[in-house]
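# Chain and residue survey
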Amino acid sequence: MPAVEAARAGHGAGDGVNAPAPGAGAPALLRADGVRFAYPGGAPVLDGVDIAVPEGSITGLVGPSGCGKSTLLALLAGLLQPDAGRLTWSEDRARPPRHPLTMMFQKDTLLPWMTVEDNIGLHFRLTKSTLDRSAQKARIAELIRLAGLEGAERKFPYQLSGGMRRRTAFLASVAPHPRVLLLDEPFSALDEPTRIGIHQDIFHIVKREGITVLLITHDLGEAISLSDQVLVLTAQPARVFKRFEIGFGTERDFLGLRENPQFLALYGQVWEQLAVQIQRSRRPAGQAAA
Ligand SMILES: Nc1ncnc2c1ncn2[C@@H]1O[C@H](COP(=O)(O)OP(=O)(O)OP(=O)(O)O)[C@@H](O)[C@H]1O
Ligand SMILES: [Mg+2]
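Now for a look at the structure at hand. No experiment lies behind these values; they were computed from the predicted model shown.

## Notes on helix 9 (residues 261-281)
For helix 9, built from 21 residues, the straight-helix expectation of 30 Å at 1.5 Å per residue is met to within 8% by its first-to-last C-alpha distance of 30 Å. When helix 9 is considered as a whole, its buried residues turn out to be Leu-266, Val-270, Gln-273, Leu-274, Val-276 and Gln-277. Buried residues in helix 9, looked at end-on, bunch into an arc of 140°, giving them a common side. In this structure, helix 9 carries Pro-261, Ala-265 and Gly-268 as exposed residues pointing more than 90 degrees from its buried face. Contact partners of the buried residues in helix 9: strand 4 (58-62), helix 7 (220-226), strand 9 (229-233) and strand 10 (240-245).

If you want it as structure tokens, here you go:
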């Protein structure tokens, strides 16, 4: 199925309308409706954010630096509260045995005195896990196998490559079987071939486990190849400028995708919209938006 730009018909590129929500009528695990937020004493960082995230989907969020992407993730995680508008989660979001939400950041959060397997199982130690000890060990071993980290179980973070550390951090965030995973530039420190290798494994894991993912990234290739929808945010105050539906399905060859004409065409389309907003974000203070 070709990838489709889903911006509302009748509006040209660059007019800044919000695209219609994906799968109109389909139940969303998470919705943001008219969300506005300002830090104390500051101008609004977000204003009029409308997002619908279908369960089990991957949503890529791209936008100019400083537009409010990490702030939006903090709101979705419940770390901040909106000043206006609503964030709505489906009622059964926290239904056991799944954990409601985990996060992974750009910064390395592995504990240096713990081995790979202990870092991955950290959640089980810190919470009253419903899994018994042998089930926890089995879960950790399964994830290590899926991410190709066999042989590194007893290594410490300083003994790992950058890619192995990121794989370990990712596995730590999915070990509790979260319903939602929030990723904020998780692989930006890695070189591209390493990143693409990780994409293949993490995509397989999140689809296999039905995890709903929101992914912030500055790497358009990463956003397009991993996502089911890509949202381009406006310059601050941020809202959704354009929505692109990505139709590459649940079986993806991440190396091959980079040469796929549909991928390349989509890359150009998303970049065109993002460039409009980067341009706006660089406008000198006081100059009105076009
Ligand atoms: N704790 C805070 N207090 C006040 N202002 C903040 C705070 N955190 C972020 N901001 C401001 O909010 C705006 C949005 O920041 P945010 O980190 O959400 O942007 P971003 O899109 O994630 O940027 P980047 O792409 O560079 O990571 C920026 O102007 C920033 O200075
Ligand atoms: Mg950020």
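Having seen the structure, we can now continue with the description.
## Observations concerning the site of ligand 1
The local shell around ligand 1 consists of Tyr-39, Gly-42, Val-45, Gly-63, Ser-65, Gly-66, Cys-67, Gly-68, Lys-69, Ser-70 and Thr-71. Sorting elements by how many residues they give to the shell around ligand 1 places helix 1 (residues 69-76) first, with 3 residues.

## Considerations on the nonpolar core
A general tendency of soluble globular proteins is for nonpolar side chains to be buried together. Membership of the largest hydrophobic core comes to 65 residues, with the highest contact counts inside it found for Leu-171, Leu-214, Leu-215, Val-230 and Leu-233. With 6 residues, strand 3 (residues 44-54) is the largest single contributor of residues to this core. The residues that make up this core include at least three from each of domain 1 (4-98 + 177-281) and domain 2 (109-176). Here Leu-215 is in contact with Ile-58, Thr-59, Gly-60, Leu-61, Leu-183, Ala-223, Leu-226 and Ser-227, once residues within four sequence places are set aside.

The rules we used
- Residues numbered from 1 in each chain as written.
- Chains lettered and ligands numbered in written order.
- Predicted model: local features only at pLDDT ≥ 70, side-chain atom pairs only at ≥ 80, totals over all residues.
- Helix = DSSP H or I, 4+ residues; strand = E, 2+ residues; numbered from the N terminus.
- Expected span 1.5 Å × (residues − 1).
- Buried ≥ 20, exposed ≤ 12 C-beta atoms within 10 Å, placed from the backbone.
- Arc of directions from axis to C-beta.
- Contact = placed C-beta atoms within 7 Å.
- Near = placed C-beta within 6 Å.
- Core = buried A, V, L, I, M, F, W, Y, C linked by C-beta atoms within 7 Å.
- Domains from an automatic or database assignment.

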